[in-house]
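Here is how the chains run, residue by residue.
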Amino acid sequence: NAGVTQTPKFRILKIGQSMTLQCAQDMNHNYMYWYRQDPGMGLKLIYYSVGAGITDKGEVPNGYNVSRSTTEDFPLRLELAAPSQTSVYFCASSQVGGGGYEQYFGPGTRLTVT
Amino acid sequence: AQRVTQPEKLLSVFKGAPVELKCNYSYSGSPELFWYVQYSRQRLQLLLRHISRESIKGFTADLNKGETSFHLKKPFAQEEDSAMYYCALVASGTYKYIFGTGTRLKVLA
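Here the structure is a predicted model, which is why all the values come from computation and not from measurement.

Caption draft 1: Inspection of the overall build of chain B at higher detail. Counting secondary structure elements, chain B contains zero helices and 11 strands. For chain B, the α and β elements follow one another from N to C terminus as β-β-β-β-β-β-β-β-β-β-β. Taking the principal axes of the C-alpha coordinates as reference, chain B spans close to 45 × 30 × 25 Å. Taking the contacts inside chain B whose residues are at least 6 apart along the sequence as the reference set, 58% of them involve residues at least 24 apart.

So this is what it looks like as structure tokens:
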């Protein structure tokens, strides 16, 4: 199993550009999550999904959109990139949401907006 | 609001010395608590969870509800323990993890 995969690994965007961060998992997990990690800060939840067709906002959803058309994929869309979105983005999945269940993380995408 | 605090950004210890990474949380209910670790050039991964009451790689963590703490401890640090450690909380009945800001542990030879 590849686990959780993310593409791209690195990306530089100009202000106002848009892009999609890809995330896929091959563990048949229902729950998937997107986090961002700013320098010196903890991970903050952007969006999460409890199954195909179901998504919900996390702590910092502004400026982002997600979709979950399949169990495997959970792409994160940035419509109008801003310097404040410069961060490292992590995707994660878990078999069941909530406590007691391990989250499996992807390797991260480092995004710079200039 | 729920919050996880890791007061130390960096903790340096010598090999063989005891290690304690501090984690305090703010939550009125019964939380689920975890420690995640990220070794150099590797992904963030689960180290241990409080409900399992397990010891992983010599690390243990005890939930102290009175002090709202979940400190990570190891009696004898090893160089391969050098990594970034994150404490995380999940409020009961939710799917949302709340992470602390992390502590970088450096074990010196």
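Caption draft 2: Focus on the state of the cysteines. Residues and elements named next belong to chain A. Applying the stated criterion across every chain yields a total of two disulfides over all chains. Between the sulfur atoms of Cys23 and its disulfide mate Cys91 the distance is 1.8 Å. Disulfide Cys23-Cys91: the torsion about the S-S bond is -70 degrees, which places it as left-handed. One end of the pair, Cys23, is in strand 3 (residues 19–25); the other, Cys91, is in strand 9 (residues 87–94), and 68 residues separate them in sequence.

Caption draft 3: Spatial organisation of the pattern of salt bridges. Residue and element names in this part refer to chain B. Using the criterion set out here, one finds seven salt bridges over all chains in the structure. With a closest N to O distance of 3.0 Å, Glu20 and Lys22 form a salt bridge. For Glu20, a relative accessible area of 28% gives the class partly exposed. The residue Lys74 makes a salt bridge to Asp81 at a minimum N-O spacing of 2.8 Å. When sorted by exposure, Lys74 lands in the same class as Asp81, which is buried. Look at the salt bridges and you will find they share partners, linking Glu20, Lys22 and Lys73 into a network.

Caption draft 4: Structural view of unusual backbone geometry. Pro8(A) follows Thr7(A) through a cis peptide bond whose omega is -5 degrees. With respect to the helices and strands, the residue Pro8(A) is situated in the loop between strand 1 (4–7) and strand 2 (10–13). Here Asn28(A), not a glycine, exhibits a phi torsion of approximately 60 degrees, which is positive. Tracing the backbone through its elements, the reader meets Asn28(A) in the loop between strand 3 and strand 4 (31–37). You will see that Lys57(B), though not glycine, has its phi angle at about 55 degrees, which is positive. One can find Lys57(B) in the loop between strand 6 (45–49) and strand 7 (60–61).

Caption draft 5: Spatial organisation of the sheet that holds strand 8 (residues 76–78) of chain A. All names here are of chain A. Strand order across the open sheet formed by four strands is 1-3-8-7, with antiparallel pairing between neighbours. Two strands bound the open sheet, and with one partner strand each, they are strand 1 and strand 7 (64–66). The sheet shows a mean angle of 20 degrees between the axes of neighbouring strands, taken without regard to direction. Judged from the four bridges that link them, strand 1 and strand 3 form a sheet pairing that is antiparallel. When the sheet's bridge partners are listed, Thr5 is paired in strand 3 with Ala24.

Conventions and cut-offs
- Residues numbered from 1 in each chain as written.
- Chains lettered and ligands numbered in written order.
- Predicted model: local features only at pLDDT ≥ 70, side-chain atom pairs only at ≥ 80, totals over all residues.
- Heavy atoms only, no water.
- Helix = DSSP H or I, 4+ residues; strand = E, 2+ residues; numbered from the N terminus.
- Contact = heavy atoms within 4.5 Å.
- Disulfide = S-S within 2.5 Å.
- Salt bridge = Lys/Arg side-chain N within 4 Å of Asp/Glu carboxyl O.
- Buried < 20%, exposed > 50% of the residue type's maximum accessible area, 1.4 Å probe, protein only.
- Pairing = 2+ DSSP bridges.
- Axes fitted to C-alpha atoms, helices over the stretch in contact; angles between N-to-C directions.

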